[in-house]
Structures are given as C-alpha cells and as structure tokens.
Amino acid sequence: MIELIPAIDIIDGKCVRLTKGDYDQKTVYRDSPAEVAKEFEQLGFKRLHVVDLDGAKSKHIVNVDVLRRITTETSLTVDFGGGIKTDEDIEKAFEAGAAMVTVGSIAVTQPELFLGWLDKYGTDRMILGADVRNGKISINGWKEDSVEDLLPFLKKYIDAGVRNVLCTEISKDGTLQGPAIDLYRQVMEAYPALHLIASGGVSSKEDIEALDAAGIPAVVFGKAIYEGKINLKDLWDWQNA
C-alpha cells in the first residue's frame, strides 16, 4: 500500500502553495503550519513533508523555527527540504527535529558534498530531491534547469547508496491536473528497489489510487488537501481498509 505523506510549504512562516514553483502564483492557506501539522496527526498520519520555500529561494534555511515548532508539538516523522546548502544548514534541520532531509540542488552542483552527507548521516536520513522539468533536473527553487537527465542522475546516486528519492514533475506541481504516473512508472521499472516518493499534480483520492496501482511506493500531496479536493479521513480509511 502506498505511503501517504501530506505536505506543508512555508513562506513567511505561513502555510502556502505555489503553482509550478512560481513564487508569483502563491496562495496562503493557513497562518500556522504547526496547527495544520497537528490536524494531520489527529487524523492518523505519521509522516509529513515540509518545504522551506523561503529557504529554497534564499539558498539557506530560513524557517527553522517553524520546523522546530512542528516537531516539538507533534510526533510526526518530518522530512524537511528547502535551502539546505551547507553543513550548517543540515545540522540546523536535524537539530530542529527533522528525521530526514531532502537535498536536491547540492546533489547537482556539489556532488562530493552530498556524498559526504550520505556517508555521515546515513541513507535512511537522506532523501534525494529530483525535481524534473522537460526531462532535466531543476535546481535552486526550480529557478534553474541543469544539464542532468533524470535516470542517469538517479543511477549515479543509487549506485552510491541512495534509497529514498522525492521526484517532482514541476509542470504538474500545484496544478491539480493529475500526477505524472508514466514518469514514475519509468523510474520504478529502471530501479525497482527504490523508495520513490511521487510529487506534483495530485488532485483526488483516485489519483493516489492510480499511483498505488502503478506500484509507486509513496506520494506527497498538498494543494488538493487545502483546496478541499481530498477528504483526508476518507483517504485514511481507504488506506487502512
């Protein structure tokens, strides 16, 4: 059964969502991300994906206090990403209670640093972020496209021990137009042992059921929650039926 991971994206300490990563297409949903996290926990969810969008834009962690509040006020297993560029950033995230961190841009621009973190912190605490636009890995808050193609990029790090990958199809993110199932299926066919977390475009429980039927191990979803497209209790009941 697919792992369900609700998401909280943060700008200025508030719970927001962007469309296709565009900071000019921002919707603020709630003032307190910690209160949202508590509601997820009360519904039975165990895992939470938190993105510091200010951090992604600024290239260093910004909303560490929000992360700390979430981890101290809930018992959720939190993976945290956005702005992790240095040893100091990664230490801040873990000190603030993150169980895992998602790192994308550094794996492209400073592969030796990423490999060092993988060795230091272990594969269970590191998630490789693979954000894809037009088949290429995108970096720095999706503002730049690299020359890295998705599958060879993944292979390089899978060979180095990576087991957890968060893959976002940027053209789908925040659009509520359905996930890139063919893309995720292609990844799983190439690397069947990978714990792949699909992200982007989820609009309904049916989308999640389709990902599950395609054998995708996990899914992150956010906007569909805040726009009322997914009833979380119904989703939880389906997973636990």
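This text follows the structure it describes.
These remarks concern the structure in this document.

The rules behind each value
- Residues numbered from 1 in each chain as written.
- Predicted model: local features only at pLDDT ≥ 70, side-chain atom pairs only at ≥ 80, totals over all residues.
- Heavy atoms only, no water.
- Buried < 20%, exposed > 50% of the residue type's maximum accessible area, 1.4 Å probe, protein only.
- Helix = DSSP H or I, 4+ residues; strand = E, 2+ residues; numbered from the N terminus.
- Pairing = 2+ DSSP bridges.
- Axes fitted to C-alpha atoms, helices over the stretch in contact; angles between N-to-C directions.
- Left-handed = near helix turned anticlockwise from the far one by under 90°.
- Contact = heavy atoms within 4.5 Å.
- Nonpolar A, V, L, I, M, F, W, Y, C, P; charged D, E, K, R; others polar.
- Salt bridge = Lys/Arg side-chain N within 4 Å of Asp/Glu carboxyl O.
- Patch = residues over 30% accessible without salt bridge, like charges linked within 9 Å, V, L, I, M, F, W, Y side chains within 5 Å.
- Areas by Shrake-Rupley, 256 points an atom, 1.4 Å probe, with all protein chains shown as cover.
- Lys, Arg positive; Asp, Glu negative; His and termini not counted.
- Charge placed at Lys NZ, Arg CZ, Asp CG, Glu CD.

Describing the pairing of strand β7 (residues 126-133)
Here β7 lies mainly inside the structure; seven of its eight residues are buried. Across three bridges, the pairing between strand β6 (residues 100-103) and β7 is parallel. Residue pairing for β7: Val103 is matched across the bridge by Leu128. Where β7 and strand β10 (residues 164-169) come together, five bridges link them in parallel fashion. Residue pairing for β10: Asp131 is matched across the bridge by Thr168. One ladder, built from two bridges, connects β7 with strand β8 (residues 136-139); its direction is antiparallel. Pairing of Val132 across the sheet is with Ile137, part of β8. Here β7 hands over to β8 after two residues, with Asn134 in that stretch at a positive phi of 55°.

A few points about the packing of helix α4 (residues 87-95) against helix α6 (residues 111-121)
Pairs of packed helices are described in terms of their axes, by the angle between the two and the distance that separates them. Contact pair α4 / α6: the axes reach a minimum separation of 12 Å and the direction vectors enclose 35°. Our pair here, α4 against α6, has a crossing hand that is right-handed. Residues Asp87, Ile90, Glu91 and Phe94 of α4 form the contact with α6, whose own contacting residues are Leu113, Trp117, Lys120 and Tyr121. A breakdown of the residues in the contact of α4 with α6 according to their chemical character gives five nonpolar, no polar and three charged.

Side note on the pairing of strand β2 (residues 14-19)
With five of six residues buried, β2 is to be regarded as a mostly interior element. Inspection of the sheet shows strand β1 (residues 3-11) paired to β2 by three bridges, in the antiparallel sense. Within β2, the residue paired with Ile10 across the bridge is Cys15. Where β2 and strand β3 (residues 22-30) come together, five bridges link them in antiparallel fashion. Looking at the pairing, Thr19 lines up with Asp22 of β3. Linkage of β2 to β3, two consecutive antiparallel strands, is achieved through a turn of two residues, within which Lys20 is found at a positive phi near 55°.

Quick notes on the pattern of salt bridges
A side chain with one charge can pair with a side chain of the opposite charge if their charged atoms come near. Across all of its chains, the model carries 19 salt bridges by this definition. Salt-bridge contacts for Lys38 lead to Glu73; the nearest nitrogen and oxygen are separated by 3.0 Å. Taken as a pair, Lys38 in helix α1 (residues 33-43) and Glu73 in helix α3 (residues 64-73) lie far apart in primary sequence, 35 residues in all. Note on Lys38: relative accessible area 22%, which makes it partly exposed. By relative accessible area, which is 33% here, Glu73 ends up partly exposed. Residue Lys233 is joined to Asp237 by a salt bridge in which the shortest nitrogen-to-oxygen separation is 3.0 Å. Separated by four residues within a single helix, Lys233 and Asp237 lie in helix α11 (residues 232-239), roughly one turn from each other. Exposure remark for Asp237: the relative accessible area of 38% places this residue in the partly exposed category. Taken together, the shared-partner salt bridges in this structure form one network comprising Glu35, Lys38, Arg69 and Glu73.

Details of a positive patch on the surface
Taken together, the side chains of Lys26, Lys57, Lys59 and Lys143 present a region of like positive charge at the surface. For Lys57, the position within the fold is in helix α2 (residues 53-58).

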